[in-house]
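# Residue-level structure breakdown
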Amino acid sequence: MWRQSKLYSGRSRLPKFNSIWSNHREINVTAVKLDEKDDETLTAVPPKETRVVICGGGVVGAAVAYHLAQMGWGPQTILVEGGRLGGGTTWHSSGLIGAFKPSLAQSKLAQNSIALYKALEKNGRSTGWKQCGSLSLARTRDRMTVFRRMKAQSVSWNIECELISPEDIKNLCPLLRVDDLTGGLWIPGDGVGDPYETCLSLIAEAREKGVRVYENCKVTHILNQNNAIEAVETTRGMVECQFFVNCAGFWARSVGKLSEPFVKVPLHPVEHYYLHTKRLPNLDPMLPVIRDLDGYTYFRENNGRLLAGGFEPVAKPAFENGIIPGNATERFLPEDWDHFHVLLEQMLHRVPSLGNARLERLCNGPEAFSPDCKWIVGEAPEIQNYYIAAGMKTVGISAAGGIGQATAELIVNGSTSLDMYELDVSRFLGLHNNRKFLRDRVKEVPGMHYALQYPQHEFQTGRNLRMSPIYPKLREAGAVFGQVMGYERPTWFQPADDNDIDPIDGSRKYKIAYTNTFGKPAWFDYVAKEYAACRETVGLSDYSSFTKIDLWSNGTEVVDLLQYLCSNDVDVPVGSIIHTGMQNHLGGYENDCSLARIAVNHYMMIAPTIQQTRCKNWIRRHLPSDGSVAVSDVTSAYTAICIMGPATRSLLSELTDTDLNPKNFPFFTFKELDVGLANGIRAMNLTHTGELGYVLYIPNEFALHVYTRLIEAGEKYGITHAGYYATRALRVEKFYAFWGQDLDTFTTPLECGRAWRVKFDKSVDFIGRDALLKQREDGVQRKYVQLLVNDHDPDIDPWCWGGEPIYRDGKYCGMTTTTGYGYTFKKQVCLGFVQNLDENGKTQEVTNEYVISGDYEVDVAGIRYHAKCHLHSPNLPTKFPDQERDSYHATRGLQNSY
């Protein structure tokens with residue numbers, strides 16, 4: 001009733017809306033242009049055997065087929081499509097192709113797509129590519145800050161763009177109302193394309209090089225043997241194969257269920273609207289793509305018409321029962337003008353003349369979104385040689401060329417030419433594939449496209465899923481929660497005010513972390529107090545989300561396995577802890593972890609939270625075939641409490657009978673302790689922050705007891721809860737690298753000051769050894785540095801949030817990866833990589849002398865700030881010096897003193 005009244009009130013406020021309403025008509029979904037050539041693809045029987053089977057004939061599947069053909073695998077590849085080519089979402093997509101994406105990897109993939117479409121057009125293949133440029137609009141100062149950051153990043157990302165005024169916007173596009181705008185971002189290299197034509201052109205090229213295509217041929221079952229792809233059953237027979245690629249679009253999740261075990265492809269469709277006008281007189285065919293981000297909408301010219309769409313803040317899930325019709329007519333969704341009203345209002349506001357236009361149709365076509373609004377690619381953790389290229393949302397054509405190339409490279413070469421860990425399907429857990437979770441989450445995901453993305457974004461849906469046993473205590477203590485891999489993790493703690501207390505039961509309300517600024521955040525002072533406690537008294541932090549894996553064997557097989565997987569020497573005395581990378585064949589980091597040797601044939605691995613699926617999969621892919629090594633994910637079995645600070649040894653000594661003297665329990669070692677009345681607690685003498693302290697891995701049934709005893713005994717020491725932001729600040733100041741930000745599959749230990757952790761002379765050759773030896777001989781082409789930003793006022797200047805360009809002697813040389821405020825330095829601290837680029841932009845060897853001899857600047861939203869550069873971990877001043885702690889540094893060499 002409310003929605004109906006809102007609609008009618010909207011029509012009265014916008015009288016010209018009536019002309020649009022009265023002239024709309026339904027789209028004829030059967031009028032999609034089809035490829036009439038090679039009709040035998042509708043009835044032909046696939047071969048009994050091939051090398052690669054691609055499931056899905058949309059633009060992404062077509063791109064994978066094209067690139068496999070280009071790499072010589074055409075005759076060994078078939079593509080099967082359950083309907084007609086391009087009949088999924090390809091035919092009703094908007095066709096927007098933009099180079100700027102939320103991350104460097106996605107931007108590079110989009111740039112590869114644009115290059116491909118230009119090449120196809122040059123070769124006479126139609127893609128509909130039109131380089132009309134794009135114009136993004138800003139209504140607020142914060143949006144302009146985003147644009148200034150994008151302009152700064154454009155140097156790193158090799159994207160031409162320009163900040164422009166409202167007057168410039170009006171000149172570029174006279175249709176627009178500009179009186180409420182603060183500026184815009186003009187990207188001349190962007191454009192539009194025709195996803196359907198592109199799909200058919202890619203297929204035609206692939207066919208010429210031997211790829212066989214079968215339409216109206218559905219995949220019904222995917223078989224595997226010894227956890228590797230063996231065959232694919234279709235409605236026209238079984239095909240034995242070595243590789244399978246799931247490019248089934250919003251069917252990808254359903255296709256994932258056609259194997260045993262299921263392959264998790266967390267996607268859920270939502271309704272998505274495209275408004276098509278009839279022809280408009282004098283409409284410029286080179287009208288730029290308009291993105292009115294603060295109004296959630298976009299516009300483009302389309303054959304003399306306007307095509308408009310948007311990403312409403314709260315999306316409407318489609319096919320909530322999980323069953324997506326395969327028939328085009330059934331799949332087409334009816335118009336919901338009530339739901340579309342929020343977008344229509346904004347469209348009429350930005351383009352007032354649209355109110356006089358005649359509507360041709362309002363298309364409501366479902367698009368599938370992942371739970372984190374990123375594309376899904378890579379090899380499935382569940383089955384070897386099962387690849388996924390799905391979840392392209394509404395920008396399949398923008399992603400397809402690059403994703404197709406990367407997927408083909410993975411299949412043929414086993415690696416890609418671009419690091420894509422952030423898009424890899426292994427970033428998910430089973431909970432992310434829960435249908436009800438997806439249904440709730442996708443209500444907010446599409447709106448992220450155009451929403452103001454402040455730093456450290458937190459989702460509002462799908463919360464309170466994974467919680468440690470001490471979660472209620474942390475909540476009562478004032479925790480404000482972030483979420484990582486489904487875990488509720490305190491980010492900071494704050495005192496309660498009247499609004500924080502539930503009036504019914506008096507408990508603390510659940511609060512989700514927020515930043516909502518590009519400058520000094522509201523949590524700054526809270527985190528400062530927590531940071532100080534960790535350095536001067538005792539801080540307590542919940543580490544329960546860390547990935548925890550036990551590995552053991554009857555004999556020494558587990559040692560042999562880890563020596564092969566790890567670049568450090570893991571054959572250390574029982575009770576020792578070593579920090580090591582697990583490298584790939586290129587020498588890059590597949591994992592960055594700590595290993596505690598529990599017994600001669602038993603290790604406990606502690607890895608980053610986001611590695612829970614990924615590192616477990618990496619280990620399992622290399623397990624001995626005889627089953628001699630056992631692996632168990634014990635992440636959910638232990639609560640991890642870290643106590644850090646100079647008083648931690650005194651505090652813990654009150655609760656355990658074990659002698660904690662450094663001679664008996666030295667730094668970087670492990671012991672099993674009794675704490676309070678609890679036993680079996682795995683205590684590790686390290687904190688992952690560089691501070692004195694311990695991480696206690698507590699069996700869950702004892703967690704509340706141990707926590708309570710620590711809080712009670714710690715009161716006289718000034719124990720303070722510390723959230724993730726405080727521990728992160730400690731790590732950044734001490735030059736600790738973060739996997740997924742600083743370390744990735746292309747970063748090597750030699751590039752980030754960790755060569756001392758690589759044991760080339762150990763008895764077992766490890767994965768990546770040859771690549772690292774070659775790099776050591778040739779020299780590295782980038783180095784990991786710490787930059788302290790000078791002349792920056794944290795109260796008024798925009799902060800560093802990652803991705804800022806770094807300049808050496810006025811010349812671009814790299815970009816920041818992890819940033820934070822240094823509460824001891826009292827400065828912005830940036831971690832990042834420095835390169836030596838010649839006049840042609842080619843990388844040269846980077847030496848220590850090259851790094852330390854330069855004069856550095858960091859570009860923060862268009863303002864360059866001078867910075868002091870460190871190559872090694874600095875010694876921070878402290879009231880409580882400790883020789884044992886201070887002797888350990890994340891990077892080694894000549895130390896810097898502050």
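For clarity, every value in this text was computed on a predicted model and none was experimentally measured.

Scoring rules and cut-offs
Residues numbered from 1 in each chain as written. Predicted model: local features only at pLDDT ≥ 70, side-chain atom pairs only at ≥ 80, totals over all residues. Heavy atoms only, no water. Helix = DSSP H or I, 4+ residues; strand = E, 2+ residues; numbered from the N terminus. Rg over C-alpha atoms; globule rule 2.2 N^0.38 Å. Buried < 20%, exposed > 50% of the residue type's maximum accessible area, 1.4 Å probe, protein only. Contact = heavy atoms within 4.5 Å. Areas by Shrake-Rupley, 256 points an atom, 1.4 Å probe, with all protein chains shown as cover. Pairing = 2+ DSSP bridges. Axes fitted to C-alpha atoms, helices over the stretch in contact; angles between N-to-C directions. Patch = residues over 30% accessible without salt bridge, like charges linked within 9 Å, V, L, I, M, F, W, Y side chains within 5 Å. Salt bridge = Lys/Arg side-chain N within 4 Å of Asp/Glu carboxyl O. Lys, Arg positive; Asp, Glu negative; His and termini not counted. Charge placed at Lys NZ, Arg CZ, Asp CG, Glu CD. Polar contact = N/O pair within 3.5 Å; in protein donor to acceptor, adjacent residues only side chain to side chain. Parallel < 35°, antiparallel > 145°, perpendicular 65-115°, else oblique. Left-handed = near helix turned anticlockwise from the far one by under 90°. Nonpolar A, V, L, I, M, F, W, Y, C, P; charged D, E, K, R; others polar. Core = buried A, V, L, I, M, F, W, Y, C linked by side-chain atoms within 4.5 Å. Phe/Tyr/Trp six-rings, centres within 6.5 Å; stacked < 30°, edge-to-face > 60°. Lys NZ or Arg CZ within 6 Å of the ring centre and 35° of its normal.

Time to look at the overall build of the protein chain. Per the secondary structure count, the protein chain includes 22 helices and 43 strands. Expected size for 898 residues packed as a compact globule is a radius of gyration near 29 Å; at 28 Å, the protein chain falls within 12% of this value. C-alpha extents for the protein chain along the principal axes are approximately 85 × 65 × 65 Å. Counting only residues that meet the buried cut, the protein chain has 62% of its 898 residues in that class. Of all intrachain contacts in the protein chain linking residues separated by at least 6 positions in sequence, the fraction that spans at least 24 positions is 73%. Carbon and sulfur atoms provide 49% of the accessible area of the protein chain, an area that totals close to 33900 Å².

Moving on: the side chain of N591. For N591, the location among the structural elements is in strand β27 (residues 589–599). The residues touching N591, leaving out its near neighbours within four places in the chain, are T580, G581, M582, M605, A607, P608, Q611, C615 and W739.

Turning our attention to unusual backbone geometry. Omega for the peptide link from E260 to P261 comes to 10 degrees, which places this bond in the cis form. Position of P261 relative to the elements: it lies in the loop between α8 (252–256) and β13 (268–270). Backbone geometry at N227 places phi at a positive 65 degrees, although glycine is not the residue there. When you line up the elements, N227 lands in the loop between β9 (219–225) and β10 (228–234). According to the relative accessible area criterion, N227 is partly exposed, its value standing at 33%.

What follows is about the pairing of strand β26 (residues 577–583). Burial within β26 is extensive, with seven of its seven residues counted as buried. The alternating pattern of β26 places I577, H579, G581 and Q583 on one face and I578, T580 and M582 on the opposite face, and all of these are buried. Looking at chain direction, β26 and β27 are connected through seven bridges and run antiparallel. Residue pairing for β27: Q583 is matched across the bridge by Y589.

Attention now goes to the sheet that holds β9. Strands sit in the order β9-β10-β11 across an open sheet of three strands; the sheet is antiparallel. Only two strands of the sheet have a single neighbouring strand rather than two, namely β9 and β11 (237–240). Averaged over all pairs of adjacent strands, the angle between their axes in this sheet comes to 25 degrees, without regard to strand direction. One ladder, built from four bridges, connects β10 with β11; its direction is antiparallel. Along β11, the bridge assignment pairs V232 with V239.

Now for the environment of L540. Tracing the sequence through the fold places L540 in strand β24 (residues 538–542). Separated by 174 residues in sequence, L540 and G714 place their C-alpha atoms 9.6 Å apart. Dropping the residues within four chain positions of it, L540 is found in contact with I641, C642, I643, Y707, L710, I711, I719, T720, H721 and A722.

A few words on a negative patch on the surface. Negative charge collects at one region of the surface, where E160, E162, E167 and D168 lie side by side. Among the secondary structure elements, D168 is positioned in helix α6 (residues 166–172).

With that settled, the discussion passes to the environment of N664. Within the element layout of this structure, N664 appears in the loop between α17 (648–653) and β31 (670–675). Considered as a pair, N664 and L651 are 13 residues apart in the sequence and their alpha carbons are 17 Å apart. Those residues within four positions of N664 in sequence are excluded, and the remaining contacts are T658, D659 and K671. Engagement of the side chain of N664 in a polar contact is seen with the backbone oxygen of D659, the distance being 2.6 Å.

On to the pattern of salt bridges, then. Taken as a whole, this structure holds 37 salt bridges when the rule is applied. Between E691 and R535 there is a salt bridge, with the nearest N and O atoms lying 3.0 Å from each other. A residue pair is termed long-range when its members are at least 10 positions apart, and E691 in the loop between β32 (678–684) and β33 (693–699) and R535 in helix α14 (residues 524–536) qualify at 156 residues. In terms of burial, E691 and R535 fall into one category: buried. Its salt-bridge partner being R769, residue D765 comes within 3.7 Å of it at the nearest N-O pair. If you follow the salt bridges from partner to partner, you end up with R139, D180, D292 and R350 in one network.

With that out of the way, let us pick up the sheet that holds strand β12 (residues 243–246). Strand order in the open sheet formed by six strands is β8-β2-β1-β12-β21-β20, and the pairing between neighbours is mixed. Two strands in the sheet have a free side with no partner beyond their single neighbour: β8 (212–214) and β20 (376–379). The average undirected angle you get between the axes of adjacent strands in this sheet is 15 degrees. In terms of strand pairing, strand β1 (residues 52–55) meets β12 through four bridges, oriented parallel.

A few words now on the packing of helix α3 (residues 59–70) against helix α7 (residues 195–208). Direction vectors running N to C along α3 and α7 enclose 25 degrees, while the axes themselves pass 8 Å from each other. Taken as axis vectors, α3 and α7 run roughly parallel relative to one another. Where α3 crosses over α7, the two elements pack in a sense that is left-handed. Where α3 approaches α7, its residues V59, A62, A63, A65, Y66, A69 and Q70 are matched on the opposing element by P195, T198, C199, L202, I203, E205 and A206. For the contact of α3 with α7, a count of residues per class yields eleven nonpolar, two polar and one charged.

All right, on to the side chain of T819 then. With respect to the helices and strands, T819 occurs in strand β37 (residues 811–822). Among the residues examined, T819 registers a relative accessible area of 3% and is labelled buried. Of the polar contacts made by the side chain of T819, one reaches the backbone nitrogen of W801; its length is 3.5 Å.

Right, let's talk about the nonpolar core for a bit. In summary, soluble globular proteins display a tendency toward joint burial of nonpolar side chains. Core analysis: the biggest nonpolar cluster contains 134 residues, and I54, I403, M684 and Y697 have the highest contact counts within it. Tallying contributions element by element places α3 first for this core, with nine residues. Dropping the residues within four chain positions of it, M684 is found in contact with I577, A596, M604, I606, F665, T669, F670, G693, Y694, V695 and Y697. Within the second largest apolar cluster, 33 residues are counted, among which are V232, C241, A248 and V263.

Let's shift gears to the packing of helix α4 (residues 104–122) against helix α11 (residues 396–413). The N-to-C vectors of α4 and α11 enclose an angle of 95 degrees; their axes lie 7 Å apart at closest approach. Relative to α11, the element α4 is oriented roughly perpendicular. Between α4 and α11, the residues in contact are L109, A110, N112, S113, L116 and Y117 and I397, S398, A399, A400, G401, G402, I403, Q405 and A406, respectively. Of the residues assigned to the contact of α4 with α11, the class counts are nine nonpolar, six polar and no charged.

What follows deals with the packing of aromatic side chains. Enumeration according to the criterion identifies 32 aromatic pairs in this entry. Between W799 and W801, the aromatic rings sit 5.7 Å apart at their centres with planes inclined by 25 degrees, giving stacked as the arrangement. There is no split in this pair, since W799 and W801 are both buried. What links up through ring pairs into an aromatic cluster is the set F524, Y531, W799, W801, Y821 and Y823. Positioned above the aromatic ring of Y724 is the side chain of R489, whose terminal nitrogen or guanidinium carbon lies 3.8 Å from the ring centre. Sitting over the face of the ring of F738, R731 holds its NZ or CZ atom 4.4 Å from the ring centroid.

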